[in-house]
Structures are given as C-alpha cells and as structure tokens.
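# Examination of the molecular architecture
The chain contents come next:
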Amino acid sequence: MEISTNERMDHFMNRINDGEKIEADDWMPDDYREALIRLISMHGISEIMGALPEKEWVPKAPTVYRKLAIMAKVQDEMGHGQLLLRVAEDLMEPLGKNRDDIMKDLFSGKLKFHNVFHMKAPTWGDAGVIAWLVDGAAIISQTMMLGTSYGPYGRALKRICAEEVFHAQHGESIIMSLAEGTKEQRALLQDSINRWWSSLLMFFGPRTNAETGHSNQDKNMRYKLRTKTNEQLRQEFLTKYVPRVWALGLTIPDPTLRFDAESSEWKYQQPDWEEFKKIVTGHGPKSKERLALRVQSYEMNSWVREALGTCRISKVTR
Amino acid sequence: MVSEKGSLFYEVYEVFSKKTDTSALQHQFSLLAPNQELAFIMAKENFFRREQVADIWVVKREHIKRMSQEEKEALNHLEKNYRETKGYGYLKKKWRQYEQEQLTEKDIMGGGEG
C-alpha cells in the first residue's frame, strides 16, 4: 500500500504532538531534518570552537587547581562536540555527508558558530566570565531543549547539561576569587563583564525576525525542537544573573537596565544586531584567528586519521 | 584541504555500559573510531571521565540489527494479555465467590522460600 507524503506528514506531526521522540532512522520531513542539521552541527562545532581558545588558558591559569579544572572543562567541551557531531552525522547520512563535510562547511564559512566564540578574551577575568555567564547562558538554552522532539539530541543534551553545571561552578569560583580579591582583581573582573555584556545579550539571538531579517525560532517551536522563544530565554538569563552580578558590587554597562514590575520583564538596551550579523558571518574580532586555530589542528592531526583509517586496507593488500 | 570522504577513520560504534556489577547494560551513545581498540579508548574518554562504571562494551553499529520505524510501530499493536497477569484479573472476583482470596504474585512466587 502506497502512503502519501501528506499521510506521512500527518503521522509525523501526530507523533510530535503526542510527545513521541523521533529517531534517526524514522521518517521525517526534509525541513525538519534540515533544521536539526543546522541547529545541531552549529551547536556541536561551537563547543569545539569554544574549547580551542579556552585550552590556551591552561598554561596561564593562576594555580595548579585552576589548571586542572580548566583542562577538565576543555575536555568536556570537546566531548560535547563529539556527541553533537555524531547526532548531526546520523542526520546527514541519507544525504551522503559525514564529519568531513561538517569540517569543510566550517572552513568555508557556510557553517556558523556561536557569536561568543568570535570575541576577544584577553584576561583571566574573561575566562571566569565565560565559564560563569556564557556557560550559564548555554545551560538556559540547552535545558530548554532537553524535551526536544528529536530523541538523539535530547539524550546528548542530558549528558551535556550535567557537565555544564560543573563548568558554571568553576566559573563562579573564579569570579568569587576575583570579586573578593584586590582592587586590581576587581577592576579586571569589571572590565571583563563590560567587555562581554553585549555578547551575552546577543547569545540568545534576536527577539523577532525584525532585528536580523530572519530567524528559525517559529519553525523550531512548531516542530517542538524548542519550547521557548529567544526573548524568554534572555529574560530568564537576566533574572538569574543580574541580581548576582549586582550583589558582588559589580556593575552592568547598561544604565537603562531594570526590572519592570508592571510587565514583569527586564528592560534593557538592545545590543547592535547589525554587529551581531557581522560577527556570526565570520567578521568578528577573532573570527579568522579562531578558524585558523581549528584548521591548524585539523591539518596537524590529519596524519593520525590517515594512518589509522587505512591500516585495515594495507593489511589486506599486503 | 585534506579530503577524507569515505575514509575508514569514520566508522560508527555504539557504546554500552554497566554502572555496577548488578546493574543492567545500558546504551550510552555512539562515537566514530577507526577500529575497536580506539573505539574503546574513546568510549572511556568520552563517557566515563566522572561517572562510576563497572563494564564497557563497544559494538560496531553495522553489526547490530536495529528496528525500523515500521517494525517498532507494529509492536504497539500486539495484544498479549494471555501472557500477562493482567489478562487474569477477573479471577480475583471469582475466588471471592468461593470465599477465597486470590493468591497474589508474591504468594505464588514465595511458595518454595523458607
């Protein structure tokens, strides 16, 4: 019996609306697959693009304990990248693509990575702010997607979120030391917060399509890939972290920032969304350098892939 | 740029593990590795940096027979009441008619124990 595409689509939407999880080999509409590939390969590659500059902190971290902790975090981020790329690869397989294509898309600029990893992180204060607030922001968007309709992504996120909690606490610990430290240390920390504020607001993406011309949030909500809007996530972030930043006697570089009791909403100055577009399309202050770091690591390790990948063939032919 | 399309480096392995000796084997995730030995090393690195583990298995995905969506959905339609205790629930009422309590699952299982 021939099943029409419409019937398949209805069945698919019923499964999603019933809270069933879609698995890699199940039938899915092309735009669901495309949305997942875009979302998950971007997420996966961002984990790796974040880990690369972060590993540069290992020799410079101030104590052995901090070195061990940041090394563990880097290893986790790489592991998250591995998990997520596996999820993306299984979705790409029917299209005849694999990890190699993900890498090529990254190098060519077709595959984007998170805005925060295009930015400068010159001081140890930045390392702390990244772990506390960037990972804090990531936790908010990742936990929102734990119930995603795509089973393998949800399972990957469950593992990832558990480890992110350690990252956030590692960040909190750095922040606490600096906040309770000397005048210079506090100034260093304040500088980092000032430097990262607009990137943190941008992290969640624009409120509506109006800011950047396009956004995938409507489709992703309909397919239950996500359950909250960019703005809802940003508001949660502000509620969670602004009072804590203030409690440490630090300031946020936005004089208009306040909680409006009437609308139960944070009012804040919009970041420059034109700038955001430039950053995520590879024109941020560190975009080229970070990508070069990735290309270098890929090329330096290519002999390993070659040696291990062909050993079975050479054994057979000899 | 190096192109490694179709390279044998990228083979999919599924990772299973047991938390303790008595726990059931659980699927963890999959990974890419060029051979079983590296798959095992990567499984340890990727999934057990923190958590307790008593045993780890890695299996090449192509060696696993998995179910298709159709096969899985067909499972939902099977009625197997005759195989399960819930298919015999009416007996409780019957025994009452004879002024007897129905033996529970525990009663039935516990017969031989001291």
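Every value quoted in this text rests on a predicted model; they were computed, and no experiment measured them.

## Thoughts on the overall build of chain B
- Looking only at helices and strands, one finds four helices and three strands in chain B.
- Counting from the amino terminus, helix and strand elements in chain B follow one another as β-β-α-β-α-α-α.
- Counting only residues that meet the buried cut, chain B has 13% of its 114 residues in that class.
- Within chain B, counting contacts between residues at least 6 apart in sequence, those at least 24 apart form 40% of the total.

## A look at the overall build of chain A
- Secondary structure assignment for chain A yields 13 helices and two strands.
- Computed over the C-alpha atoms, the radius of gyration of chain A is 21 Å, within 12% of the 20 Å expected from 2.2 N^0.38 for a compact globule of 318 residues.
- For the C-alpha atoms alone, the extent of chain A along its principal axes is close to 70 × 60 × 35 Å.
- Each of the 318 residues in chain A was classed as buried or not, and the buried ones make up 36%.
- Contacts in chain A between residues far apart in sequence, at least 24 positions, make up 75% of those at least 6 positions apart.

## Describing the sheet that holds strand 1 (residues 11-18) of chain B
Residue and element names in this part refer to chain B.
- Within the open sheet, the three strands sit side by side as 2-1-3. Their pairing is antiparallel. Where the open sheet ends on each side, the last strands, each with one partner, are strand 2 (26-33) and strand 3 (55-60). Within the sheet, the average angular offset between the axes of one strand and its neighbour, ignoring direction, is 25 degrees.
- Lying over the sheet, helix 1 (residues 36-47) contacts strand 1, strand 2 and strand 3, oriented at roughly 120 degrees with respect to strand 2.

## Quick word on the domain arrangement of chain B
- Entries for chain B in the domain assignment read domain 1 (11-63) and domain 2 (69-112).
- When each unit is reduced to the centre of its C-alpha atoms, the spacing between domain 1 of chain B and domain 2 of chain B is 37 Å.

## Quick notes on helix 1 (residues 5-17) of chain A
- Along its 13 residues, helix 1 of chain A runs 18 Å from first to last C-alpha, staying within 8% of the 18 Å computed at 1.5 Å per residue.
- Immediately beyond the C-terminal end of helix 1 of chain A, within one or two residues, lies G19(A), with a positive phi of roughly 80 degrees.

## Some details on the environment of L83(A)
All names here are of chain A.
- Residue placement: L83 occurs in helix 3 (residues 64-92).
- A count of 27 C-beta atoms within 10 Å places L83 in the buried class.
- Sequence-wise, L83 and Y153 are 70 residues apart; in three dimensions their C-alpha atoms are separated by 9.0 Å.

## Notes on the environment of T148(A)
Residues and elements named next belong to chain A.
- For T148, the location among the structural elements is in the loop between helix 5 (124-144) and helix 6 (151-179).
- For T148, a count of 25 C-beta atoms within 10 Å translates into the label buried.
- Spatially, the C-alpha atom of T148 lies 4.6 Å from that of L225, the residues being 77 residues apart in sequence.
- When sequence neighbours within four positions are dropped, the list of residues in contact with T148 reads Y153, G154, K224, L225 and R226.

## So, unusual backbone geometry
- Of note, the phi angle at K224(A) is positive, near 55 degrees, even though the residue is not glycine.
- In this structure, K224(A) sits in the loop between helix 9 (217-222) and helix 10 (230-247).
- For K224(A), a count of 17 C-beta atoms within 10 Å puts it in the partly exposed group.
- Phi angles above zero are rare outside glycine, and E99(B) is one such case at about 55 degrees.

## Re the packing of helix 5 of chain A against helix 10 of chain A
Residues and elements named next belong to chain A.
- The geometry of helix 5 relative to helix 10 is characterised by a closest axis approach of 10 Å and an angle of 135 degrees between their N-to-C directions. Classified by the interaxial angle, the pair formed by helix 5 and helix 10 is oblique. Of the two possible hands of crossing, helix 5 and helix 10 adopt the one that is right-handed. Only L233, E236, F237, K240 and Y241 of helix 10 make contact with helix 5, whose side of the interface consists of L133, G136, A137, I140, S141 and M144.
- When grouped by side-chain class, the residues that make up the contact of helix 5 with helix 10 number seven nonpolar, two polar and two charged.

## What about the nonpolar core?
Residues and elements named next belong to chain A.
- Core analysis: the largest hydrophobic core is formed by 74 residues, its most contacted members being L36, V87, A88, A127, A137 and L200.
- No other element matches helix 5, which puts eleven residues into this core.
- Once residues within four sequence positions are removed from consideration, L36 is found in contact with L91, Y150, Y153 and L225.

## Observations concerning the packing of helix 2 (residues 30-55) of chain A against helix 3 of chain A
All names here are of chain A.
- Remark: helix 2 packs on helix 3, axes separated minimally by 8 Å, with the N-to-C direction vectors making an angle of 160 degrees. One way to sum up the angle between helix 2 and helix 3 is to call them roughly antiparallel. Crossing of helix 2 against helix 3: the hand is left-handed.
- Looking at the contact of helix 2 with helix 3, its residues break down into 15 nonpolar, six polar and six charged.

Criteria and cut-off values
- Residues numbered from 1 in each chain as written.
- Chains lettered and ligands numbered in written order.
- Predicted model: local features only at pLDDT ≥ 70, side-chain atom pairs only at ≥ 80, totals over all residues.
- Helix = DSSP H or I, 4+ residues; strand = E, 2+ residues; numbered from the N terminus.
- Buried ≥ 20, exposed ≤ 12 C-beta atoms within 10 Å, placed from the backbone.
- Contact = placed C-beta atoms within 7 Å.
- Rg over C-alpha atoms; globule rule 2.2 N^0.38 Å.
- Pairing = 2+ DSSP bridges.
- Axes fitted to C-alpha atoms, helices over the stretch in contact; angles between N-to-C directions.
- Domains from an automatic or database assignment.
- Expected span 1.5 Å × (residues − 1).
- Parallel < 35°, antiparallel > 145°, perpendicular 65-115°, else oblique.
- Left-handed = near helix turned anticlockwise from the far one by under 90°.
- Nonpolar A, V, L, I, M, F, W, Y, C, P; charged D, E, K, R; others polar.
- Core = buried A, V, L, I, M, F, W, Y, C linked by C-beta atoms within 7 Å.

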